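Coordinate analysis (summary)
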Amino acid sequence: MKFWSFLFLILSFLVACTEGSQPTQTTGSSSSIEGSSSEIEFNFSSKAEDTWNKGSGTKEDPFIIQELKDLKELSQLVQQGGTYEDKFFKLTADISLKGEEWTPIGVWGDHDLGWGNKPFRGNFDGNGHTISGLTIKKSGESYLALFGLIKGASISNLNLKGASIEGGKVLAGIVAKADSSTIENCVVEANILGEERIGALVGEATDTKVIGTNVSEGQIEAKGAVGGLVGLLSSRSILTGLNKATIKSSLQNAGGIVGTVSGAEVIDSENQGKVIGVSNVGGIAGNLTMLGLVKHSFNSGVIEATGENSFVGGIVGDLANKSSLKGVYNLGAIKSSGFYSAGIAGRVTNGSIVSVFNHGSISASDFAGGLVGKCGENTEIYVGYNKGEIAKTKNSASLLAEALSTTKSSSLYYDSDVASVTHSELGGKTSVELKSNDMVTLLNDVPENVMTWTLSEALGGYPGFN
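Residues numbered from 1 in each chain as written. Predicted model: local features only at pLDDT ≥ 70, side-chain atom pairs only at ≥ 80, totals over all residues. Heavy atoms only, no water.

Brief notes about the pairing of strand β9 (residues 147-151)
Most of β9 sits out of view: four of its five residues are buried. Bridging between β9 and strand β12 (residues 175-179) involves four bridges; their strand directions are parallel. Each residue of the ladder has a partner; that of I150, found in β12, is A178. (Buried < 20%, exposed > 50% of the residue type's maximum accessible area, 1.4 Å probe, protein only. Helix = DSSP H or I, 4+ residues; strand = E, 2+ residues; numbered from the N terminus. Pairing = 2+ DSSP bridges.)

Let's talk about the environment of G369
Mapped onto the fold, G369 is located in strand β38 (residues 366-369). Under the relative-accessibility criterion, G369 is labelled buried at 0%. Note: C-alpha distance between G369 and A345 (24 residues apart in sequence) is 8.9 Å. When sequence neighbours within four positions are dropped, the list of residues in contact with G369 reads S341, A342, G343, I362, I390, A397, L399 and A401. (Contact = heavy atoms within 4.5 Å.)

Some points on the pattern of salt bridges
When the charged atoms of two side chains with opposite charge come close together, those side chains can pair. The full count for this structure, using the stated rule, is nine salt bridges. With a shortest N-O distance of 3.2 Å, E100 and K72 are connected by a salt bridge. One end of the pair, E100, is in the loop between β5 (95-96) and β6 (123-125); the other, K72, is in helix α2 (residues 68-79), and 28 residues separate them in sequence. The class of K72 is partly exposed, set by a relative accessible area of 35%. Measuring nitrogen to oxygen at the nearest pair gives 3.0 Å for the salt bridge that ties D318 to R347. Within this pair, whereas D318 is found in strand β31 (residues 316-320), its partner R347 is found in strand β35 (residues 345-349), the two being separated by 29 residues in sequence. You can call D318 buried: its relative accessible area is 8%. Linked through salt bridges whose partners overlap, the residues forming this network are K177, E196, R197 and E204. (Salt bridge = Lys/Arg side-chain N within 4 Å of Asp/Glu carboxyl O.)

Some words on the layout of surface pockets
As a volume, the second largest pocket reaches approximately 210 Å³. Contributing to the lining of the second largest pocket are S396, A397, L400, L412, T422, S424, E425, L426 and G427. Taken together, the residues that form the lining of the second largest pocket break down as four nonpolar, four polar and one charged. (1 Å grid on protein atoms, 1.4 Å probe; cavity = no way out; pocket = protein on both sides within 12 Å on 5 of 7 lines; lining within 4 Å. Points joined across faces, edges and corners; volume = space filled by probe spheres on them. Nonpolar A, V, L, I, M, F, W, Y, C, P; charged D, E, K, R; others polar.)

Description of the side chain of D366
Inspection of the secondary structure puts D366 in strand β38. Although buried, D366 forms no salt bridge, and the nearest oppositely charged side chain, K394, lies 6.3 Å from it. A distance of 3.0 Å separates a polar atom in the side chain of D366 from a polar atom in the side chain of T393. Polar contacts involving the side chain of D366 include one to the main-chain amide nitrogen of N395, which spans 2.8 Å. Apart from residues no more than four positions distant in its own chain, D366 is found in contact with G338, F339, Y340, T393, K394, N395 and S396. (Lys, Arg positive; Asp, Glu negative; His and termini not counted. Polar contact = N/O pair within 3.5 Å; in protein donor to acceptor, adjacent residues only side chain to side chain.)

Right, dumping it as structure tokens:
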């Protein structure tokens, strides 16, 4: 009897331990939001998908955003840690944020290195609808926009109208900071005031595609790294789009399309807006560096600079570190109250320019150049012409205002009837000669040429790109 009693006690103990170790069911579990009287269904492992009763979050059956409370709920849940990775959302109606104190979707952590980041990782399709009245005014605060931080995400087909944002660094209309993401086919109308890395669409883009985008109107203003579409474009990012907004910088690196390009590309872009800055001011980019590239792009806006060494250009203010321009042109007036103003680039150092032309007038207190203001070390420029009128200063030139003996250049021409500053400069052609088929043939036959040249009625019969 003692043996059986002892065995019974052992078996009872084992059963009790087994029952106590059974896992609890987590699917559909709830967690309350602090300060709220109601509970929201939330499950981090399932990306909070239980909160959405319209759609399943797949590409074929996306979660539906159809009113303000849906958009605000998305913001709240991402703040709590729901990333929505690989989930899809679709906007099915216009939404007004007028009178709302908006909290961006996605949060940059308190630490500069991003500790505590809570990014949105999903796919948001605006479906052609408009979000209007976005207003954020938080002096000194950074990473402010409709989406504060996205990573591995996509935002597409969204219109943002009447946005007004004021804060510190990294501000934008649609996305403040985009990492490894895509922003596509979006239109923005916004007024934004900040410190640096400020753009109407994206404040800072890293390894991100910002394509087919349009800034219809507004004013984008900051101290530096301010652009019509993007403030800072870096690390293999690609940008295409159109800007019509006014861009202002109180320090440096202001561009009609992007403030600073570092190791990234701007392609098929056009600026129509006025750009005003102190130094490094360009119709497309203020500063182009670290193997940056601008190609197949042009400016028609007025570009102005006020710095003593202003480095202002119709395409780029300052080009450096093995960066390049390919197939670009300027039609807008370029003005500077200081030195180094040019139709294409204010200054080039260790960079190259191929297949370009300028039709805009150039003015500066000195060193006004038809194509380049200052050619630094390892500058190469091939194939192009200038027909823009040049202010006659001590060191102005129809093509290159200041060049070193090591500057490599060839197949560069200027209209001697319009753009002649000194008759000793090589490359002068009459207007008739520049408008001839012989000139087109001459430009097309240069080995370094990267574009197809043709006579253009839109350019008054001068050569342009086909």
